[in-house]
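If you want the building blocks of each chain, they are given just below.
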Amino acid sequence: MKGIFIFCMFCLVIVFFSCQPKITDPLGSWTIDKINFIYTDTTYVLDTVYGGSLILSPERYSIVYNPWNLQRKPFQNLSNPTEAEMIHGFKTFAFNTGGYHWSGDTLTCHPDFAKVPGFEGGEQVYLYDEVASTLTMFDETYPSGEKPQWYGKLRIELWLTRE
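Calculation rules
Residues numbered from 1 in each chain as written. Predicted model: local features only at pLDDT ≥ 70, side-chain atom pairs only at ≥ 80, totals over all residues. Heavy atoms only, no water. Salt bridge = Lys/Arg side-chain N within 4 Å of Asp/Glu carboxyl O. Helix = DSSP H or I, 4+ residues; strand = E, 2+ residues; numbered from the N terminus. Buried < 20%, exposed > 50% of the residue type's maximum accessible area, 1.4 Å probe, protein only. Phe/Tyr/Trp six-rings, centres within 6.5 Å; stacked < 30°, edge-to-face > 60°.

Structural notes on the pattern of salt bridges
Evaluation of the coordinates by the stated rule reveals two salt bridges. With a closest N to O distance of 2.9 Å, Asp112 and Arg60 form a salt bridge. Of this pair, Asp112 sits in strand β6 (residues 106-114) while Arg60 sits in strand β4 (residues 60-65), placing them 52 residues apart in sequence. On the basis of relative accessible area, Asp112 is assigned to the partly exposed category, the value being 43%. Across the pair Asp139 and Lys147 runs a salt bridge, and its minimum N-O distance is 2.6 Å. By relative accessible area, Lys147 is classed as partly exposed at 33%.

A word on the packing of aromatic side chains
On inspection of all chains with the given rule, the structure shows five aromatic pairs. With a centroid separation of 6.0 Å and an interplanar angle of 70 degrees, the aromatic rings of Phe95 and Phe113 are classed as edge-to-face. Of this pair, Phe95 sits in strand β5 (residues 94-103) while Phe113 is found in strand β6, placing the two residues 18 residues apart along the sequence. Taking the centre distance of 5.5 Å and the plane angle of 65 degrees together, the rings of Trp102 and Tyr128 count as edge-to-face.

In short, geometric facts, not functional conclusions.
Structure follows, in structure tokens:
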């Protein structure tokens, strides 16, 4: 009886994993070509992305992109920016890096360094569509366990091209 139970559990595990979507090889360097900010009532399309990449190594990720539909303005004096230039520079990029794990077609990122101080130890969750080459962030959790104001109202769809 115990042998039949173990055999059945083994079969269930095989069936479970065979039904999971297969990610062939997401590792490497990707360019972010397009960004869709998908709200419940409208979608904003940035089909000209001024900088952006995703790098996936076996154990770490790094993502950076410009969430604006404008090129970033260079500082007048690169070694001595004004306060207004620094604020604008900070607002015109998104960045996180850290560890991650896959579960089916879901990528869950755990930043240990983030653009937003204090987000380290938080979590961002993306759906990966291998056919379309998109990565869509739909969930974020702060280290405190709280959700951002946009939760449930916004998805950020990144269109990727392997470099």
